[in-house]
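# Structural features, examined
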Amino acid sequence: MNTFIISQRVFFLFLLLGLGACQQKNKDLDTDVSIEEIHVNDFDEHAIAYKDFVYAYHFVPLETTDSCLVGNVLGVEVTEERIFILDDKDKLWVFDTDGKYVGRIGTQGPGPEEYSHASKFYVNESKGHIGILDLTSNRVFRYTLDNKFINQIRFEFDLACTGVVTVNNGETVLLLSSNSKQEKYNYAAYDESDFSLISYQIPFRILGEEGCSNPMLLAHNAGASSLALAMNSDTIYQWKENRLQPAFLVEGGLKHITAEALMEKTPHDCATAVGIRLSREDGYSMGVQELYATDRYWCLEYPSKDMTLFVDWEQGEKRMLRPEKATILSTFSFGATSTTNTSLIRCLSVGDMEFIKEDLKDNNHPEFHELYGRLTEDSNPVIGVLDYGKLFK
């Protein structure tokens, strides 16, 4: 149940970008790092019919009551028994997996067990608790999954974080930090038990005259999987031996962005903007935009070719497919999305459901009539559950 945030630093771009060989020497780690290539063009032979893609979805409308009116959704996580929704009203809602409203986690207020602002949250299912990050007070508030307060931990420095990720079965938390002496934005790895600092990971300097940045949520993990991305990069990193190490390189037949190419387009205010310019004007890849990774399945977005790619790594074999049609159901770079070990989780607003209404109707989705018979303009969101197993069946 996890999220990563990375900003950009030219000094380390030799690690992140332009990794053309499958085997290279990583100077930072002083060890040989094997990098496996994933070729986007290979997916052309494995397009899945859109109807089959739609049929892999199951939809769960969230109960709407006078005491449960969900705002704009900022985050969603799902466990075996619960659905957790964070909205822009600083409320963390809880539903069961059938969509029935259960309650809330935490309370907003000035009290010792209350948070001021719910910026992000994570679920440590292995230890049975939830962490709510309050960036206005630089604290983490932890509650049991049934809303009993555990403790709060205060950081001695300002957090610069728009997302978190737990790795190693909930033992470690990585988030964007502003405490490094070298650079403004970094990954920092913390021991989840007490949030003591383990190490800083891959600092990135922000390009531009003002040092401005636009940190983005770039990876989501489930199970023991612990992968990460970097902005404008085709490299996928893996958490190994308490460090993020380059492990995969996505090859799309386009040039990989280099530090020199980035510098030619500076200054700029947003790290994303320069990647878009290089892609449109000079034939560079925009990198991997989204990644949802489990112990077995991957879903990644490759915007340079407007493709969503799925990978099944069963027993070391790499099975691939992509939807033949791009719609809201097959594009994940907007809205709240996460992953469990078995399913991709989408939080779809009533407006989103209107966009896909004809798709579900035309493809005779078995839940169509019941689903749209219950929805009104005031309804709470609908959880779309994309079953990886059905997708690859």
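Basis of the calculations
- Residues numbered from 1 in each chain as written.
- Predicted model: local features only at pLDDT ≥ 70, side-chain atom pairs only at ≥ 80, totals over all residues.
- Heavy atoms only, no water.
- Helix = DSSP H or I, 4+ residues; strand = E, 2+ residues; numbered from the N terminus.
- Contact = heavy atoms within 4.5 Å.
- Areas by Shrake-Rupley, 256 points an atom, 1.4 Å probe, with all protein chains shown as cover.
- Pairing = 2+ DSSP bridges.
- Axes fitted to C-alpha atoms, helices over the stretch in contact; angles between N-to-C directions.
- Core = buried A, V, L, I, M, F, W, Y, C linked by side-chain atoms within 4.5 Å.
- Buried < 20%, exposed > 50% of the residue type's maximum accessible area, 1.4 Å probe, protein only.
- Salt bridge = Lys/Arg side-chain N within 4 Å of Asp/Glu carboxyl O.

A tally of regular secondary structure across the chain gives eight helices and 29 strands. Contacts spanning at least 24 positions in sequence make up 56% of the contacts within the chain whose residues lie at least 6 apart. When the accessible surface of the chain is totalled, it reaches about 16800 Å², and 45% of it is carbon and sulfur.

This next bit is on the sheet that holds strand β10 (residues 101-105). Here four strands make up an open sheet; going across it, the order is β7-β8-β9-β10 and the pairing antiparallel. Looking at which strands have only one partner, the edges of the open sheet turn out to be β7 (73-78) and β10. Each neighbouring strand pair of the sheet contributes to a mean axis angle of 25°, computed without reference to strand direction. For β7 and strand β8 (residues 82-87), the ladder comprises five bridges, and the chain directions are antiparallel. Looking across to β8, one finds that V78 is bridged to I83.

Before going further, it helps to examine the nonpolar core. Membership of the largest hydrophobic core comes to 29 residues, with the highest contact counts inside it found for F59, F310, L329, M353 and L360. For this core, the secondary-structure elements that each account for two or more residues are α2 (50-55), β6 (57-61), β24 (297-302), β28 (343-348), α7 (368-374), β29 (382-387) and α8 (388-391). Among the nonpolar cores identified, the runner-up in size contains 21 residues, and F43, A293, W298 and M320 belong to it.

Below, the discussion takes up the sheet that holds strand β14 (residues 149-154). Here we have four strands laid out as an open sheet, ordered β11-β12-β13-β14, and antiparallel in their pairing. Two strands bound the open sheet, and with one partner strand each, they are β11 (120-124) and β14. Each neighbouring strand pair of the sheet contributes to a mean axis angle of 20°, computed without reference to strand direction. As judged from the five bridges shared by strand β13 (residues 139-144) and β14, these two strands associate in the antiparallel manner. Each bridged residue has a counterpart across the sheet, and for V140 the counterpart in β14 is I153.

Evaluated as defined, the whole model comprises 10 salt bridges. Across the pair K127 and E171 runs a salt bridge whose closest N-O atoms are separated by 3.6 Å. Placement of the pair is K127 in the loop between β11 and β12 (129-134) and E171 in the loop between β15 (159-167) and β16 (172-177), with a sequence separation of 44 residues. The class for K127 is partly exposed, based on a relative accessible area of 36%.

The topology assignment puts N363 in the loop between α6 (357-362) and α7. Look at N363 and you get buried, because its relative accessible area is 14%. For N363, the residues in contact, after removing those within four places along its chain, are Y50, K51, V54 and Y55.

Looking now at the environment of E367. Structurally, the position occupied by E367 is in the loop between α6 and α7. Each C-alpha atom of the pair E367 and V60 lies 9.7 Å from the other, and the pair is 307 residues apart in sequence. If we skip the residues at most four places from it in the chain, E367 touches H58 and F59.

Right, let's talk about the pairing of strand β23 (residues 290-293) for a bit. Neither face of β23 is left uncovered, since the one carrying E290 and Y292 and the one carrying L291 and A293 both have all their residues buried. Looking at chain direction, β23 and β24 are connected through four bridges and run antiparallel. Opposite E290, over in β24, you have E301 as the bridge partner. Between β23 and the antiparallel strand that follows it, β24, lie three residues.

Don't take any of this as a statement about function, it's just geometry.
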